[in-house]
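# Structural characterization, general
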Amino acid sequence: MDSLKTVWQNVLDEISKQISTTAYNTWFADCEPYRLEEDKITLLTTSELKQKVLNEKFSDVIHRALIEVFSSDLNLVIMTVDDARMEESRHFAADTPPEMDAYTFDNFIVGTSNEFAHAASIAVANNPGKVYNPLFIYGNSGLGKTHLLMAICNVIHCNDPELRVAYVCGDEFTNRVISAIRNGTMDEVRDEYKNVGLFLMDDVQYIAGKRSTQEEFFSIFNAIYRTGGQIVITADRPPIDMSILDDRLRTRLEGGLMADVQPPDIETRSAIIRSKAAQLGMQLSPEVESYIAENITSNVRQLEGVVKRLTAYREILNDNISIASVKRAIKDVIRVGAYIPTPDVIIEETARYFSITAADIRGQRRSKNVAKARQVSMYLIRSLTNLSLVDIGSQYEGRNHSTVLNSIRKIEELLKTDQETADSVRDISSNINSRS
Ligand code: ADP
Ligand code: MG
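Structure report, in brief. (Residues numbered from 1 in each chain as written. Chains lettered and ligands numbered in written order. Predicted model: local features only at pLDDT ≥ 70, side-chain atom pairs only at ≥ 80, totals over all residues. Heavy atoms only, no water.)

## A closer look at the sheet that holds strand β2 (residues 40–45)
An order of β1-β2-β3 is seen for the three strands of this open sheet, with the pairing classed as mixed. Each edge of the sheet is formed by a strand with only one pairing partner; in this case those strands are β1 (32–37) and β3 (75–80). Put simply, the sheet's adjacent strands are angled 20 degrees from each other on average, direction ignored. For β1 and β2, the ladder comprises five bridges, and the chain directions are antiparallel. Considered in β2, the bridge of E37 is made with K40. In the packing of helix α3 (residues 48–57) onto the sheet, contacts are made with β2 and β3, and the angle to β3 comes to roughly 165 degrees. (Pairing = 2+ DSSP bridges. Helix = DSSP H or I, 4+ residues; strand = E, 2+ residues; numbered from the N terminus. Axes fitted to C-alpha atoms, helices over the stretch in contact; angles between N-to-C directions. Contact = heavy atoms within 4.5 Å.)

## Considering the packing of helix α20 (residues 401–417) against helix α21 (residues 419–433)
Between α20 and α21, the least distance of the axes is 6 Å, while the angle of their chain directions is 115 degrees. Considered as vectors, α20 and α21 are oriented roughly perpendicular to each other. The hand of the α20/α21 crossing is left-handed. For the pair α20 and α21, the contacting residues are I411, L414, L415 and T417 in the first and Q419, T421, A422 and V425 in the second. (Parallel < 35°, antiparallel > 145°, perpendicular 65-115°, else oblique. Left-handed = near helix turned anticlockwise from the far one by under 90°.)

## Brief notes about the site of ligand 1
Taken together, 18 residues form the shell around ligand 1, and within it G142, K145, T146, H147 and E304 come nearest. Taking N114, its side chain carries an N or O atom lying 3.3 Å from a nitrogen atom of ligand 1. E304 is positioned such that a nitrogen or oxygen atom in its side chain is 2.5 Å from an oxygen atom of ligand 1. Computed on the free molecule, ligand 1 has an accessible area of 550 Å², of which 94% lies beneath the protein chains in the complex. Listing elements by their share of the shell around ligand 1, those giving two or more residues are α7 (145–159), α12 (266–279) and α14 (300–317). A class-by-class count of the residues in the shell around ligand 1 yields six nonpolar, eight polar and four charged. No fewer than three residues from each of domain 2 (91–260) and domain 3 (266–330) sit in the shell around ligand 1. (Near = heavy atom within 4 Å. Polar contact = N/O pair within 3.5 Å; in protein donor to acceptor, adjacent residues only side chain to side chain. Areas by Shrake-Rupley, 256 points an atom, 1.4 Å probe, with all protein chains shown as cover. Nonpolar A, V, L, I, M, F, W, Y, C, P; charged D, E, K, R; others polar. Domains from an automatic or database assignment.)

## Brief notes about the pairing of strand β7 (residues 230–235)
Counting buried positions over the six residues of β7 gives six, a clear majority of the element. Going residue by residue along β7, you find Q230, V232 and T234 tucked away on one face and I231, I233 and A235 tucked away on the opposite face as well. Here strand β4 (residues 135–138) pairs with β7 via four bridges, running parallel. Along β7, the bridge assignment pairs F136 with I233. Of the strand pairs in this sheet, strand β6 (residues 198–202) and β7 are connected by four bridges, and their pairing is parallel. Residue pairing in the sheet places F199 in a bridge with I231 of β7. (Buried < 20%, exposed > 50% of the residue type's maximum accessible area, 1.4 Å probe, protein only.)

## Notes on the state of the cysteines
Chemically, a disulfide is nothing more than a covalent bond linking the sulfur atoms of two cysteines. The final tally for this structure, using the stated rule, is zero disulfides. Distance from the sulfur of C158, which forms no disulfide, to the nearest cysteine sulfur (C153) is 11 Å. C158 gets classed as exposed once you look at its relative accessible area, which sits at 61%. (Disulfide = S-S within 2.5 Å.)

Okay, structure coming up:
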């Protein structure tokens, strides 16, 4: 594949056809590509003035050139070199956690089901490395563990932007360790985690059973612990129930504070529904709110899913949210709960709908139809399965969790405004469900 620089040169060539040489030299001579993701390109320039002018005066020109070169439009972000430096100085050893900004203590609803985990998280966020170390948060899927982890990370990062932070999912960590061992680059991985002030390991259950991964984790854990770094870990169950966990590691994990999250009670569910609806700019009637709270009982992600579907109905169908539409939304969410299709099935069905092959979707082609199908399939995998963004990314060639997240967001946006997208998502979902 062409390197980003080569591709960018083609874009510059297009731009130079559209504007005067003086303008080109003034505004584009030191504009460089920084990152290319599935549907977004990030450019760097040297000053805020240039950033402003490029955004305000030249974004059409840049978009036209991007369409020429990529045959589809990309979202455009222009950063200054200083912005980029700042971003990098956040020192994330692993990739930046994807949804970090969305998960704060402010938008976490506290009830008896999670107040202990919430209080422990606040204590740790305010006194990292001092009070409870490690903090181990466990509970079933969809009950706010990742949310609390990110909220802790946000507070600590805000109080001390220079502190080195490492966020990693158990499955991602396992993959990294396995490939580092294969490539003889384990020292590099260890170095990355050295001197980390905050270590966040999400879904640690994925490392259980893998001996080499556990050993590396154990030694990284000890190194960070010894230097006073704060460690926060989440899992779907307590260490004692992870039968394949190494005993030394289990003792370590149990040595700090353990806090569980339980399914929320009805008042908390209502409060969550209200808050999620408000975030999406919606106010639900009390009947609708209590209907949802009474029918979705064990998973906050599902509560959120219902509210999101209602927003989509409202946008697409101009629906003023009756109990009938709520029933439909709940049926969708519950049915998904009953039958969880595999990513293979979802990709196959999406490919069939777009008249392409599953290999096209998994591959690198960027033509408009394929790119759209790929985004829709990522959106569907996210909404129909419990796979993490990282897992979803691994279904595709060369896609990481942040490209997956961008694709999903894009489809979520389109669902609000574009009937064609809404129809295709609905039809493919129903094809998938009929295979259950
Ligand atoms: P887990 O990591 O336990 O599987 P998440 O933290 O990903 O769950 O939570 C799933 C979704 O539900 C997220 O969008 C999260 O913001 C939301 N959520 C969970 N608990 C709460 C809560 N108490 N208040 C607000 N939102 C919540
Ligand atoms: Mg999680």
